[in-house]
Every structure is written in structure tokens, then in C-alpha cells.
There are 2 protein chains.
Amino acid sequence: MALDIVEFSKQVGVSTATVSRAFSGRGRISDKTRERILEEARRVGFTPNVHASRLNLKRTSQIGLFYSFSEEPIFDYYNMELAQEIAKAAEKRGQALHLELSRSGKSNEDRLRQLTHGAALDGIIVVVDGRASGARLLESIRGCPAVVVTSKPWSPVGKEIVVELDVFTGMAEAVRDLASQGHERIGFIDTAANGGKSAGFSRIMREVGLRVDPKIIIEGSISFADGQKAFHQLAPQQPSAILCATDILAMGALNEASGMGLRVPQDISLVGMDDLAFAAYTTPSLSTVGIPRSQIAKTAIDSILSQLDDEESEKPRASARHVIGSYYVPRSSIGPRS
Amino acid sequence: MALDIVEFSKQVGVSTATVSRAFSGRGRISDKTRERILEEARRVGFTPNVHASRLNLKRTSQIGLFYSFSEEPIFDYYNMELAQEIAKAAEKRGQALHLELSRSGKSNEDRLRQLTHGAALDGIIVVVDGRASGARLLESIRGCPAVVVTSKPWSPVGKEIVVELDVFTGMAEAVRDLASQGHERIGFIDTAANGGKSAGFSRIMREVGLRVDPKIIIEGSISFADGQKAFHQLAPQQPSAILCATDILAMGALNEASGMGLRVPQDISLVGMDDLAFAAYTTPSLSTVGIPRSQIAKTAIDSILSQLDDEESEKPRASARHVIGSYYVPRSSIGPRS
DNA sequence: AGAAAATGCGTAAACGCTTACACAAAAATC
DNA sequence: GATTTTTGTGTAAGCGTTTACGCATTTTCT
């Protein structure tokens, strides 16, 4: 605190410029001087003030992560696992993660504006669950490199990069696997989040050549308890397999199956989605649709950094769209039709 | 970018001081002027640069969160849930979370020094799993307000505040509950993390008046698979109940029980620890030891903020220790001894 | 050996805000 | 109504770095 660069440089007997060069690695400086300075800094405990530095450089090495949801803030396991991957990817590229949990109301946008316009962030990753909330948020960003992570189709609002997850590639694999094991009557427990996935499910069923029975499609659930309830409703309709739009719903279903005295997978097959770490830990372990989280994370971070580079070399910015597929993870919650 | 405070203040027809006052809320300014300035700022899109501001204020409104582990970096569900609570608590107090995943080697300490000495952080929360790694890390912090979060006894290295979780209060409740349901022969699957909990387990057993049989205590496991393996080893010794040092281990045990044809809780009772969100979602749902995560988080954040206040009012800093107890969460994985 | 190029370092002007201090105008006091 | 107090605003000196530019000194080239 007491020790600033001018004090310190005097102690070492060089100019502030030289000290700055020693720390930044930029500019011309002899190896000998650099080492002497760094050594001395360690000895007396001098560390350059990051704010002064950032004020000059206009770089912060911080990337923001925003979760923007139309409904109440959801920071669930799914998002936590994603956040973790993003943090890892950021770190690998020398960036720190600035995690911002979405707050209620429109203060969200104000906050985002403050951070991006105020130059606190080098870039921003926004995870959205739907058009409405996301688009509004994006507008408050303007010049700052941004990427939108979504699992719904998203066409750019501005110059943002979009990283889009296609949950249906993995779902299709799952349905095909079920079909190959003799299942024809496949039910679906949909999620309320993100606009639901049942339209995609129906499309896939048709593509695979299976009949879609709306009676065994349940719309809009969220929680473990919803999964239980939905399964309870569905079971009397005698599907031989049920797909669930999230792993949590599948766990609820699994639980209710056991409560109703049905064995999984002997009596009924169950598939989740998201491949949360816990999906492998249920009994029986849950077949699910895996999400290449680390790839999503890496793509997002890399996109920001390359936008930053382009900015530096004055290249024009353009929006781009990366679509990343999901994949099927077979485990023991499915089996041949009984 | 193009618009700085002096440009902007000219446009509005006031001085930079007045603009600064309008944004910061500090200093004397008439309501009318403030509103006019804020309104105009919104119109033309002016946001104060945070770095310039922080350079002056020496406050960043950012709190760092470090995980320091002696072994390989573990950022598991347990830590994720804790991190989430800390992020929430920080946000509630107007602080942003700077999440730093621990990296390999000693670059960790360098990084920490850089952030704290470089004034990038208002305070730092270090989650440690043992004395050795933590103490070394703490030494690199010096003046910056720090709190250590731990589940092992920790005596201060410097002026840090320690928030200590006592996992044994909840464990004792669990053992007492088991005892009251007729269980006497209680096994224990210990964790390898954090130095283990079996000593505490034995103490509790003795306090409750139950015999400790070392043959049904298994030391040092980590993963789901370890839980399975440990249960497999333990079952032939016929304990009527098993405590597991983490929920993950308990899930492994639950799974293996089912694999061996044992019913939980009819044939054997099972208790986990940590109360991860998922513990409620197993079949049967897992009795466990709950951790007041939000209280830990709040205590940690509040400690930092109060250290900051004390610093401002020149009060002397002193170390302090908050011990927070855990509690028993009974669910359906336990029942009377058969 | 002399000219040209490269290297190492210092000086000083930014970077964009905050705030102590000064001062005029308005409000409160007697 | 004169004096004191309070309020609102401006001036300008920081905050602690970075880096363009300039000048020696050293190295390279012919």
C-alpha cells in the first residue's frame, strides 16, 4: 500500500518505466535489469496496483458470466456445472471469472451496463433461457465483446457471438436406442424451463417412425416432485419407456416408479437429460443426454478473446453462431421392452 | 469509451466534481442537479470508468473466493453449493464474487499475492481442507481482510477471521437418532478429504454409549465407486446402520446395497453427510447431516465487510473464530433396527 | 573503421475519476 | 438586518500505472 512504483523504482535505482517494463513483459528491457527488479520486488513486497494498470491498458482480464432468466433466478446444478466449466476455460486462458447471479427486476440490465460500459469487463457471457429476457439484456451491452449461450435457436441482436446447444441430437440417439430395443410407446415429461422440448421430441419420434401419443406427453414441470407427479400420471397409460427433459425430472420419475412398485428398467425404461454428475449416482444409474459443457465453455471464452484481438487489430466485428450437439449416454435405467 | 467525465460534464454544463457526486451519492449535491445529470447520462450513454474510480477509492467491491486444497483441485458439488451461497451473500451486500479455481503448484500463492497486494480485491475468502496448504496461502495475504472457511479446527496464522464448521454436532444427532431406533452396531465409511472424520465418529459413539468396532470403520474414500466398494466390504460384518462421511459415499453405498439385494432402510439404515441438494432425490431419500451453508457464507462476507469498516475507522484488527454447527436431516434411508 | 541499426533506459504526458479546499448563494439565527 | 450556518458548485491536485518519444550506448554491417 505504502509502496508505489515511484518509491520502489527509486529504491532499485531505475525509472518507473523500467519497473513497469519488468512487470509487464512489454517494451525493451535487458534480462539482467528485469531480474534484478523482480527479485527486489519480491524482497520488499512490491506489487503493481492493478487499477492504475487497468486504467491505462483498458484491459481487465476479467470475463463476466451472467445468467438471465425470464422467471425467477435459477442457479441450479445444470448452471453450476456449466459455470464451473466456464471458470476452468477462462482460467486456462488467463482470465478471471466475474460471476454475477441474476438479481430480480431490471436492475440486471443496469448492472450489466455499468460493468460493460464502465470497462470493468473484457467480455461477457450471457446464459439465457429465452428470447425476451436475453434480447433486452443484450441491448445494454453495446461495444463489449459478448457471447450468448443458449439451448434455443437464437438469432443475433447485435454483434454477439452465439453458442447454441442442440439438445435434440442426443435426444434422437436416445430415442433410436429405445426403438432398437423394441420400445414404441415412449412417453415424455417436459420441462417448463426454456420453452420446453416436446416439439422436438415429437419431431424425433416421427423421424424415427414412432407414433406420437399426446396422452403420454406431459408439459411443463421443473422439480423432483414434478417428476414424481408426472410419472404417477403417466404410468397408467402404460408407456414402456419415458424420456424426461431434465435429469432432475428423471430422478423424480425414478423415485415414483419405485414407490409404485415398478422396477426400472425391467418394467419401464427411463432416460434423463443433461448428464449432471449425479445422474451416474442414482440406482439404477440414469441414461441421459450428455452436454459437451467444456466445449461450450471453451468456445465461449475463445470467442470473447478473439473478438478482443480483432478489436485490437481493428478488424470489423461480425456476429457468428456455433451450434454444439449433445450426445447419448446409455446407462442402466434403460433396457429392452418387457 | 469516447465519452469521459470531462467531456460529459461539459455537455451537461457542470463540473466533473458535480458529475462524480451525482454518481457516487457522496458529497453535497442538490436533488435537481443529480437527477438532471443522471437523466442526461442515460440519454447519451455515459457510465463512469470503474478503474479510474477504484484507483481513487481503493475499494473494488470485489471479494475473492479461493479454494485451497493440498491434493488435486477439487471443485465438487459440495464446494459448488458453498460457492453459490457465498456468491448470493456477497451480492446481497453489494459485492461481486471473484472466483478463483485453485491451480496447480505454488503459482497459487503468487496469484493471491498479486490480487491482494495489487488491491484488486477488497477481501478474500479461502476455503481450506487442511492446515498445511492453507497456512502457506494465508501468509501471502498480509494486509487484506481475510477469512478462512474450514471444517477442521484452525488457529489463526495472522489476523484472519475463521469460520469453522463443526460437522460433529449433526453427526451426533444422527447417531442418537439411530440409537433411539435400536441400532447399536453402526459402521462408518470415512472420507479421505480433510483428514477424515472417524476420530469424531468414535468419540460420539462412546458418548452415546455405543461400542466402537474398528472392523466396521473404513478409512479414506472419496468417490461414488469408493462408497460402493466400502459398503461391499462392510456388509458381511452385519452392521445394522452405516454412517458415511459424505453424501456421495452414501449414494455409492445405497447403490451397492441394492446391488447386493439389501433393502434400505428395512435391512440396513444409511446416513450421509453434507446435505447436497441431491441427497433428497435418491431412492430412498437420504438422511444426512445438513450444513448451514448460507450462514457460513453470510458470516464470511460479513466478517470481511466489518474488517473493512474497522480499517476505515482505524480500529485495530483482531482475529476471531466463528464455530458453526451442523444439524441432522432425517429422511427415509433410516428406520428401526430390523 | 565508420555508418546504420538495434538495444536499454529515462522523462513526462496521459489514463478518467475523486475530493479537499475555496467560494458564492441561500437559509437559519438572533 | 446583520451574522452565522448550511448548501451547492467549481478548481485543481492527486490516485499509481503505461508508453511515446528521445537520447546514449552497444551491436551489426559493409
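Whatever comes next refers back to the structure up there.
Description of the structure in this document. Remember, it's a predicted structure, so these values are computed and weren't measured experimentally.

Let's talk about the nonpolar core
Note that soluble globular proteins tend to have their nonpolar side chains buried in a common cluster.
Phase 1: With 99 residues, the main nonpolar core has Ile125 of chain A together with Ile125 of chain B as its most contacted residues.
Phase 2: Setting aside residues no more than four positions away along its own chain, Ile125 of chain A makes contact with Ile63, Gly64, Leu65, Phe66, Ile86, Val147, Val149, Ala300, Ile301 and Ile304 of chain A.

Remarks on the environment of Cys144 of chain A
Phase 1: Of note, Cys144 of chain A is situated in the loop between helix H7 (131–139) and strand E4 (146–150).
Phase 2: A C-alpha to C-alpha distance of 19 Å links Cys144 of chain A and His322 of chain A, two positions 178 residues apart in sequence.

Considering the protein's contact with DNA strand D
Phase 1: The full set close to DNA strand D counts 29 residues, and Ile5, Ser20, Arg26 and Asn56 of chain A together with Thr33 of chain B are the nearest of them.
Phase 2: The side chain of Asn56 of chain B places a nitrogen or oxygen atom 2.7 Å from a base nitrogen of DNA strand D.
Phase 3: Secondary-structure elements contributing two or more residues to the surface near DNA strand D are helix H2 (16–24) and helix H4 (50–57) of chain A together with helix H2 (16–24) and helix H4 (50–57) of chain B.
Phase 4: The class makeup of the residues in the surface near DNA strand D is 11 nonpolar, 13 polar and five charged.

Examining the sheet that holds strand E8 (residues 241–244) of chain A
All names here are of chain A.
Phase 1: Taking strand neighbours across the sheet as the criterion, the four strands line up as E7-E6-E8-E9 in an open arrangement whose pairing is parallel. The sheet is open, and its two edges are formed by strand E7 (217–221) and strand E9 (269–271), each paired on a single side. On average, each strand axis in the sheet is inclined to that of its neighbour by 15 degrees, with strand direction left out of account.
Phase 2: As defined by bridge partners, strand E6 (residues 186–191) adjoins E8 across four bridges and the pair is classed as parallel. Within E8, the residue paired with Gly187 across the bridge is Ile242.
Phase 3: Where helix H9 (residues 198–208) meets the sheet, its contacts fall on E6, E7 and E8, and the angle it forms with E6 comes to roughly 160 degrees.

Topic: the protein's contact with DNA strand C
Phase 1: Taken together, 28 residues lie around DNA strand C, and Thr18 and Thr33 of chain A together with Ile5, Ser20 and Arg26 of chain B are the ones closest in.
Phase 2: Each atom of DNA strand C within 4 Å of the protein belongs either to a base or to sugar and phosphate, the latter forming 59%.
Phase 3: A distance of 3.0 Å separates a base oxygen of DNA strand C from a polar side-chain atom of Asn56 of chain A.
Phase 4: The set of elements that each furnish at least two residues to the surface near DNA strand C consists of H2 and H4 of chain A together with H2 and H4 of chain B.
Phase 5: Taken together, the residues that form the surface near DNA strand C break down as 11 nonpolar, 12 polar and five charged.

A word on the pairing of E7 of chain A
Residues and elements named next belong to chain A.
Phase 1: Two elements, E6 and E7, share three bridges in a ladder whose sense is parallel. Along E7, the bridge assignment pairs Thr191 with Ser221.
Phase 2: As a crossover connection, the stretch from E6 through H9 into E7 is right-handed.

Remarks on unusual backbone geometry
Residue and element names in this part refer to chain A.
Phase 1: For the bond running from Val264 to Pro265, omega is 5 degrees, close enough to zero to count as cis.
Phase 2: Although it is not a glycine, Ala119 adopts a positive phi angle of roughly 70 degrees.
Phase 3: Residues other than glycine seldom take positive phi values, yet Gln238 does so here, at roughly 55 degrees.
Phase 4: We classify Gln238 as exposed; its relative accessible area is 62%.

Side note on the side chain of Thr18 of chain B
All names here are of chain B.
Phase 1: Position of Thr18 among the secondary structure elements: in helix H2.
Phase 2: Overall, Thr18 belongs to the buried group, its relative accessible area being 16%.
Phase 3: Excluding residues that lie within four positions of it along the chain, Thr18 makes contacts with Ile29, Thr33 and Ile37.

Some points on the relation of the copies chain A and chain B
Phase 1: With an RMSD of 0.1 Å, the operation that places chain A on chain B is a rotation of 180 degrees combined with a shift of 0.1 Å along the axis. What the rotation and shift describe, once combined, is the action of a two-fold rotation axis.
Phase 2: The overlap is high: 100% of the interface residues of chain A also sit at the interface in chain B, so the same surface is used on both sides.

Quick look at the environment of Tyr328 of chain A
Residue and element names in this part refer to chain A.
Phase 1: Residue placement: Tyr328 occurs in strand E12 (residues 327–329).
Phase 2: Here the alpha-carbon distance between Tyr328 and Leu112, two residues 216 residues apart in the chain, equals 36 Å.
Phase 3: Every residue in contact with Tyr328, bar those within four places of it in the chain, is listed here: Gly170, Glu173, Ala174, Asp177, Ser287, Thr288 and Ile334.
Phase 4: Of the polar contacts made by the side chain of Tyr328, one reaches the side chain of Asp177; its length is 2.7 Å.

Reading the values: rules and limits
- Residues numbered from 1 in each chain as written.
- Chains lettered and ligands numbered in written order.
- Predicted model: local features only at pLDDT ≥ 70, side-chain atom pairs only at ≥ 80, totals over all residues.
- Heavy atoms only, no water.
- Core = buried A, V, L, I, M, F, W, Y, C linked by side-chain atoms within 4.5 Å.
- Buried < 20%, exposed > 50% of the residue type's maximum accessible area, 1.4 Å probe, protein only.
- Contact = heavy atoms within 4.5 Å.
- Helix = DSSP H or I, 4+ residues; strand = E, 2+ residues; numbered from the N terminus.
- Near = heavy atom within 4 Å.
- Polar contact = N/O pair within 3.5 Å; in protein donor to acceptor, adjacent residues only side chain to side chain.
- Nonpolar A, V, L, I, M, F, W, Y, C, P; charged D, E, K, R; others polar.
- Pairing = 2+ DSSP bridges.
- Axes fitted to C-alpha atoms, helices over the stretch in contact; angles between N-to-C directions.
- Right-handed = clockwise from strand over helix to strand, strands pointing away.
- Least-squares fit on C-alpha atoms with pLDDT ≥ 70 in both.

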